[in-house]
Amino acid sequence: MSFKKFIAPNLIAVVLLSIVWLAGIDQVYVENDHQINLTKYVQTHNRIVDNYVGETDINELHKNSMLAFVRAFTEEEEAETEEMEVADLEGTPLDTIFTDLDLSSVRESVNRFEEAYLYIANKFPEKDMGMLTESALRGMFTGLDPHSVYIEPEDSERMQEDFEGRFQGIGIQFSIMQDTITVVTPISGGPSDQLGIISGDRIIEINDSSAIGLTNDDVVHLLRGPAGTEVDVTIYRPGLSNRLNFTIVRDDIPITTIDASYMLDDRTGYIKINRFAATTHDEFLSATADLTDEGMERLVVDFRNNPGGYLSQAIAIAEEFFPRGTRLVSTESRHARFEQQVVSRRDGLFKDLPVIMLVNEGSASASEIVSGAVQDHDRGLIVGRRTFGKGLVQQQYELVDNSNIRVTISRYLTPSGRLIQKPYENGREAYVYEIYNRDTGRADVEQFIDHVPDSLRFTTTGGREVYGGGGIVPDFIVPIDTTISNELFNFIISNGALSSFALEFMDRQGSDFRADWESDFNRFQSEYRWPDDQLERFTASLNSLGMVFVEDLESPVHEEDGLTITRSQYEDALWLIEGRLKAELARRVWGMEYYYPIINEFNDILSRAMELWDEVDQLAAFSAQAGINLDPQ
């Protein structure tokens, strides 16, 4: 078929799409795949130009999309034939990636893409034009911020499930970066989380086959499945030279956003929020009501490893800690319709309750909004390590085939005027993995503050200095405990030793254990100690997995075939091993909500926070004495 013969019957469709686009209509009835693909391109281009937070260059958007389109086409050709004769691009609609463009409108950009699209569809009718179009859409986003992305239809559905439903699988949120599956976050309480898979892990093999180059559909097909079935994954973890191997048993993935809520002592409530979904505020109110009934007089809110979520839910949570009229957050944008000043609409239920919030490098977005408001108004103390640094707000737009795009529409500012977004000029991968390059908590903060320009230095309502440009710097820093060997615990976790030993123990002695302890968790929490013979048995299990004791070694060495460590180094960490094993028992016998009361007893950030209530009281007295007015009006 000639190019003219091909394009003629499609000309009406192309013209129709252009008319629809010019009319601003997004949801249209389409009859074939070509119309769907071209409509998606029009919609995406239009949404970016009309809504993106910053100025957009039509020429850059077009060139990036065309470059990705051609690259996807040529890579597919090379994979299919040993001696590929790639079409000569010169003089074809594809050569726009090599020429200087001077496009004056989105319409010109769309027309050029349509010409290139139809050229490929005619000359190579066997090509997957949907895949090539999606590559073009992803390419269009490469010049924007890391949080503006294209989302396939299946991913859109799964993201909705993550925030509102339930599914069966291994329990991770992932992103494919440079052809590699990257764990965005393990879903709290899910199988991957229980095994110790963490944010930033790269899945490089699934069931002994390479996972490099898989599509989102491939990953979902391989990792999701009925509860009780197994999948083997091999992980590369930045900072480690060896690979980590996990056998994951699929399960129902919990969707609730509050992992735990309980009383730390007679006066102190504790709530751990893992993300901000549609039900978070309701869950928070339910949890605090129960804690109030138990005598709560002060509260610790744990946002560690909380990646964020719905802005509206962050605002609703923040509102509970302030009097009516307090500025909570503001947004700024190139578009006035996306700018707003958010103030609390009523007196919060806990506006006078002493509060401490825990954060770390995994705390991002919505969790930074809440902790930033509390810090800026001297309302409570922020304790832990510097947060991730995401200060951008996205809007999700549905495309014609139920896929979606997520476009950054505004930047949010804390009440003092801070933009806490960290730089992303060095590319998306460097942006994501920046947290792995940080030193321990105190050194990281010192280095960060030393490089903060005056323009990013702000003051709280009480006059304390705070900083923008790279997350929330806590009021009290709790560094990573470098006396505990990460190599040892990476070895233990990568082998699933904790959970498998707890399971083996319950298989062997579960009936007796339940008879002695199951009816009284509080007694278990305060009295239970792992018997010495069981700890020796656990040590032997690590030896069987490749842990070898040597006489003299500066620090443990974790290699692919095992761990080399001195006995004294191992015994220095035995108290923490015992605590984690005890928490695993609690998880298996009483459920996930009982895991945290045990593991938190070995939590250095929480332990430090519990020593700071006098400082919280002093901050409240200082704010009251200064006569601070939280009302921006």
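Residues numbered from 1 in each chain as written. Predicted model: local features only at pLDDT ≥ 70, side-chain atom pairs only at ≥ 80, totals over all residues. Heavy atoms only, no water.

Draft legend 1. Focus on the overall build of the protein chain. When its secondary structure is counted, the protein chain shows 22 helices and 24 strands. Burial analysis of the protein chain (633 residues in total) assigns 54% to the buried set. In the protein chain, 71% of the contacts between residues at least 6 apart in sequence involve partners at least 24 apart. When the accessible area of the protein chain is evaluated, it comes to approximately 28400 Å², of which 46% is carbon and sulfur surface. (Helix = DSSP H or I, 4+ residues; strand = E, 2+ residues; numbered from the N terminus. Buried < 20%, exposed > 50% of the residue type's maximum accessible area, 1.4 Å probe, protein only. Contact = heavy atoms within 4.5 Å. Areas by Shrake-Rupley, 256 points an atom, 1.4 Å probe, with all protein chains shown as cover.)

Draft legend 2. Summary view of the environment of Leu 413. Take Leu 413: it is sitting in strand β18 (residues 404-413). Since its relative accessible area comes to 13%, Leu 413 is described here as buried. Spatially, the C-alpha atom of Leu 413 lies 9.1 Å from that of Leu 328, the residues being 85 residues apart in sequence. Once residues lying within four places of it in the same chain are set aside, the contact partners of Leu 413 are Val 329, Ser 330, Glu 332, Arg 418 and Leu 419.

Draft legend 3. Highlighting the pairing of strand β16 (residues 381-384). Of the two faces of β16, the one holding Leu 381 and Val 383 and the one holding Ile 382 and Gly 384 are both buried throughout. Both strand β15 (residues 355-359) and β16 contribute to a ladder of four bridges, which runs parallel. Across the sheet, Met 357 pairs through a bridge with Ile 382, a residue of β16. Here β16 pairs with strand β21 (residues 476-477) via two bridges, running parallel. Following the sheet pairing, Gly 384 is matched in β21 by Ile 477. (Pairing = 2+ DSSP bridges.)

Draft legend 4. Broad picture of unusual backbone geometry. In this structure, Asp 208 is a non-glycine residue whose phi angle is positive, near 65 degrees. Of note, Asp 208 is situated in the loop between β5 (202-206) and β6 (209-210). Residues other than glycine seldom take positive phi values, yet Asp 378 does so here, at roughly 55 degrees. Inspection of the secondary structure assignment puts Asp 378 in the loop between α11 (366-376) and β16.

Draft legend 5. Representation of α11 within the structure. Extensive coverage of α11 is indicated by the burial of 11 of its 11 residues. Three or more residues of α11 are buried, namely Ala 366, Ser 367, Glu 368, Ile 369, Val 370, Ser 371, Gly 372, Ala 373, Val 374, Gln 375 and Asp 376. Each element contacted by the buried residues of α11 is listed here: α10 (311-319), β13 (327-332), β15, β16, β18 and β20 (465-467). At the C-terminal side of α11, Asp 378 shows a positive phi close to 55 degrees.

Draft legend 6. A look at the environment of Ser 261. Mapped onto the elements, Ser 261 comes out in strand β10 (residues 258-263). For the pair formed by Ser 261 and Ile 271, sequence separation is 10 residues and the distance between their alpha carbons is 4.4 Å. Contact partners of Ser 261, with chain neighbours within four places excluded, come to Tyr 270, Ile 271, Ala 287 and Leu 291.

Draft legend 7. Structural view of the nonpolar core. Counting residues in each nonpolar core, the largest one holds 77 residues, and the members touching the most others are Phe 69, Ile 120, Phe 284, Leu 299, Phe 321 and Met 357. Per-element tally for this core: the top contributor is helix α4 (residues 106-123), with nine residues. Beyond its immediate stretch of four places on either side in the chain, Phe 321 contacts Phe 284, Leu 299, Val 301, Phe 350, Lys 351, Val 355, Met 357 and Arg 379. With 52 residues, the next largest nonpolar core counts Val 478, Phe 491, Phe 501 and Ile 577 among its residues. (Core = buried A, V, L, I, M, F, W, Y, C linked by side-chain atoms within 4.5 Å.)

Draft legend 8. Representation of the packing of aromatic side chains. According to the stated counting rule, one finds 27 aromatic pairs in the structure shown. When the centroid spacing of 6.2 Å and the interplanar angle of 90 degrees are considered together, the rings of Tyr 424 and Tyr 431 count as edge-to-face. Ring geometry for Tyr 433 and Tyr 436: centres 5.9 Å apart, planes at 40 degrees, overall tilted. According to the relative accessible area criterion, Tyr 436 is partly exposed, its value standing at 27%. A connected cluster of aromatic rings, assembled from ring pairs, spans Phe 501, Phe 505, Phe 513, Trp 517, Phe 521, Phe 524, Tyr 528, Trp 530, Phe 538 and Tyr 594. Between Lys 422 and the ring centre of Tyr 431, over which it is positioned, the NZ or CZ distance is 4.9 Å. A cation over an aromatic ring shows up here: Arg 587 above the ring of Tyr 595, its NZ or CZ 4.0 Å from the ring centre. (Phe/Tyr/Trp six-rings, centres within 6.5 Å; stacked < 30°, edge-to-face > 60°. Lys NZ or Arg CZ within 6 Å of the ring centre and 35° of its normal.)

Function cannot be read off these values alone, since they describe shape.
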